[in-house]
Amino acid sequence: GESVGLHLPTLSVQEGDNSIINCAYSNSASDYFIWYKQESGKGPQFIIDIRSNMDKRQGQRVTVLLNKTVKHLSLQIAATQPGDSAVYFCAEATGRRALTFGSGTRLQVQP
Amino acid sequence: GAGVSQSPRYKVAKRGQDVALRCDPISGHVSLFWYQQALGQGPEFLTYFQNEAQLDKSGLPSDRFFAERPEGSVSTLKIQRTQQEDSAVYLCASSDRASGTDTQYFGPGTRLTVL
């Protein structure tokens, strides 16, 4: 399949370590934020979302933190596994319709 | 099917040809979105349907791009007189706002290459 994220910033971590991927969003009116994972040749896969009235939400092995003051979003992945290797995109929405995606971060997990 | 499906997965067109890309959303999903993803970049919004109504087409790059969803389920994105700059992956997503969630679920995309 085609390559995703040929020239994206890359985060390289060891298997078993925790990963933190950061994202700065642009629209202070955005009220819904999502993290997607995209592997080569596939569409974006939903990971976790958070609404603007929250500052933290946890899922299975993942946590999203939202700091509206500085318009910053982060995704924490616990005990990173080789299967977590992919490009990660944050996205924001206003009125919960069209998503505006960030530029993406490539996560490489070293065995 | 369990997820969003798109066809064809790959399409090669000669410059000037018309193409039609199909999206089958998750059954029962009211909202349907089309995005364009250039190589190495994040998806960019093209257009949005709620049932059969096209509520937002602000992202369509030119009048050569046209989308429809006549019966509120399957959608087709049509590109007329394709140009090389149209080469990209076209992604479809659906969501079920009626259930109170706005999570958009994406299909695998159609990779369009215009020669």
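None of these values were measured; they are calculated from a predicted model.

### Here's the deal with the overall build of chain B
Next up, step 1: Broken down by element type, chain B carries 0 helices and 11 strands.
Next up, step 2: Listing each helix as α and each strand as β along chain B from the N terminus yields β-β-β-β-β-β-β-β-β-β-β.
Next up, step 3: Projecting the C-alpha coordinates of chain B onto the three principal axes gives extents of approximately 40 × 25 × 25 Å.
Next up, step 4: Each of the 115 residues in chain B was classed as buried or not, and the buried ones make up 47%.

### Some thoughts on the overall build of chain A
Next up, step 1: Counting its regular elements, chain A contains 0 helices and 10 strands.
Next up, step 2: When the elements of chain A are put in sequence order from the N terminus, they spell out β-β-β-β-β-β-β-β-β-β.
Next up, step 3: Relative to the globule expectation of 13 Å for 111 residues, the C-alpha radius of gyration of chain A, 14 Å, shows essentially globular dimensions.
Next up, step 4: Taking the principal axes of the C-alpha coordinates as reference, chain A spans close to 40 × 30 × 20 Å.
Next up, step 5: The buried share of chain A, reckoned over its 111 residues, is 42%.
Next up, step 6: Carbon and sulfur atoms make up 44% of the accessible area of chain A, which totals about 5,400 Å².
Next up, step 7: Here chain A contributes 11 positively and 9 negatively charged side chains, and the mean placements of these two sets differ by 6 Å.

### With respect to the confidence of the model for chain A
Next up, step 1: For chain A, the mean per-residue pLDDT works out to 91, and 93% of the residues sit at or above 70.
Next up, step 2: Every residue in residues 1-5 of chain A scores below 50 in pLDDT, and together they form 20 contacts with partners more than four places removed in sequence or on other chains.

### Things to note about the pattern of salt bridges
All names here are of chain B.
Next up, step 1: Summed over all chains, the structure comprises 6 salt bridges over all chains.
Next up, step 2: Across the salt bridge formed by R22 and D24, the nearest N and O atoms sit 2.7 Å from each other.
Next up, step 3: For R22, a relative accessible area of 38% translates into the label partly exposed.
Next up, step 4: With a relative accessible area of 23%, D24 lands in the partly exposed category.
Next up, step 5: Between E68 and K78 there is a salt bridge, with its nearest N and O atoms 3.3 Å apart. Within this pair, whereas E68 is found in strand β7 (residues 65-68), its partner K78 is found in strand β8 (residues 75-79), the two being separated by 10 residues in sequence.
Next up, step 6: Relative accessible area serves as the criterion here: at 31%, K78 is assigned to the partly exposed category.

### Points about the state of the cysteines
Next up, step 1: For the structure shown, the criterion picks out 2 disulfides over all chains.
Next up, step 2: The side chain of C23 of chain A participates in a disulfide bridge whose partner is C90 of chain A; the two sulfur atoms lie 1.7 Å from each other. A residue pair is termed long-range when its members are at least 10 positions apart, and C23 of chain A in strand β2 (residues 19-24) and C90 of chain A in strand β8 (residues 86-93) qualify at 67 residues.
Next up, step 3: Since its relative accessible area comes to 7%, C23 of chain A is described here as buried.
Next up, step 4: Here C23 of chain B is linked by a disulfide to C92 of chain B, with a sulfur-sulfur distance of 1.9 Å. Its S-S torsion of about -65 degrees marks the bond between C23 of chain B and C92 of chain B as left-handed, since a negative value means left-handed. In this pair, C23 of chain B sits in strand β3 (residues 19-24) while C92 of chain B sits in strand β9 (residues 88-95), placing the two residues 69 residues apart along the sequence. When sorted by exposure, C23 of chain B lands in the same class as C92 of chain B, which is buried.

### Quick word on the interface of chain B and chain A
Next up, step 1: Residue-level contacts link 26 residues of chain B with 25 residues of chain A.
Next up, step 2: Summing both sides of the interface, chain B and chain A together bury roughly 1,800 Å²; the carbon and sulfur share of this comes to 55%.
Next up, step 3: Where chain B touches chain A, the interface holds 0 salt bridges.
Next up, step 4: Our enumeration of links across chain B and chain A arrives at 5 residue pairs in polar contact (both at pLDDT 80 or more).
Next up, step 5: Classifying every residue of the side of chain B that touches chain A gives 12 nonpolar, 10 polar and 4 charged.

### Section: the nonpolar core
Next up, step 1: With 20 residues, the main nonpolar core has W34, L77, Y90 and L112 of chain B as its most contacted residues.
Next up, step 2: Among the secondary structure elements, those contributing two or more residues to this core are β3, β4 (31-37), β5 (44-50), β7, β8, β9 and β11 (110-114) of chain B.
Next up, step 3: Leaving out residues up to four positions away in the same chain, L112 of chain B has contacts with K11, A13, V19, I79, D86, S87, A88 and Y90 of chain B.
Next up, step 4: Listed in part, the 19 residues of the second largest apolar core include V13, I48, V64 and L66 of chain A.

### Some words on the layout of surface pockets
Rolled over the atoms, a probe with the dimensions of a water molecule shows which regions are left empty.
Residue and element names in this part refer to chain A.
Next up, step 1: If you add up the space inside the largest pocket, you get close to 200 Å³.
Next up, step 2: Looking at the largest pocket, the residues that line it are K37, Q45, F46, I47, Q60, R61, V62, I77, D84 and Y88.
Next up, step 3: Within the lining of the largest pocket, the residues separate by chemical class into 5 nonpolar, 2 polar and 3 charged.

About the criteria used
Residues numbered from 1 in each chain as written. Chains lettered and ligands numbered in written order. Predicted model: local features only at pLDDT ≥ 70, side-chain atom pairs only at ≥ 80, totals over all residues. Heavy atoms only, no water. Helix = DSSP H or I, 4+ residues; strand = E, 2+ residues; numbered from the N terminus. Buried < 20%, exposed > 50% of the residue type's maximum accessible area, 1.4 Å probe, protein only. Rg over C-alpha atoms; globule rule 2.2 N^0.38 Å. Areas by Shrake-Rupley, 256 points an atom, 1.4 Å probe, with all protein chains shown as cover. Lys, Arg positive; Asp, Glu negative; His and termini not counted. Charge placed at Lys NZ, Arg CZ, Asp CG, Glu CD. pLDDT = per-residue confidence, 0-100. Contact = heavy atoms within 4.5 Å. Salt bridge = Lys/Arg side-chain N within 4 Å of Asp/Glu carboxyl O. Disulfide = S-S within 2.5 Å. Buried area = accessible area lost by both parts, 1.4 Å probe. Polar contact = N/O pair within 3.5 Å; in protein donor to acceptor, adjacent residues only side chain to side chain. Nonpolar A, V, L, I, M, F, W, Y, C, P; charged D, E, K, R; others polar. Core = buried A, V, L, I, M, F, W, Y, C linked by side-chain atoms within 4.5 Å. 1 Å grid on protein atoms, 1.4 Å probe; cavity = no way out; pocket = protein on both sides within 12 Å on 5 of 7 lines; lining within 4 Å. Points joined across faces, edges and corners; volume = space filled by probe spheres on them.

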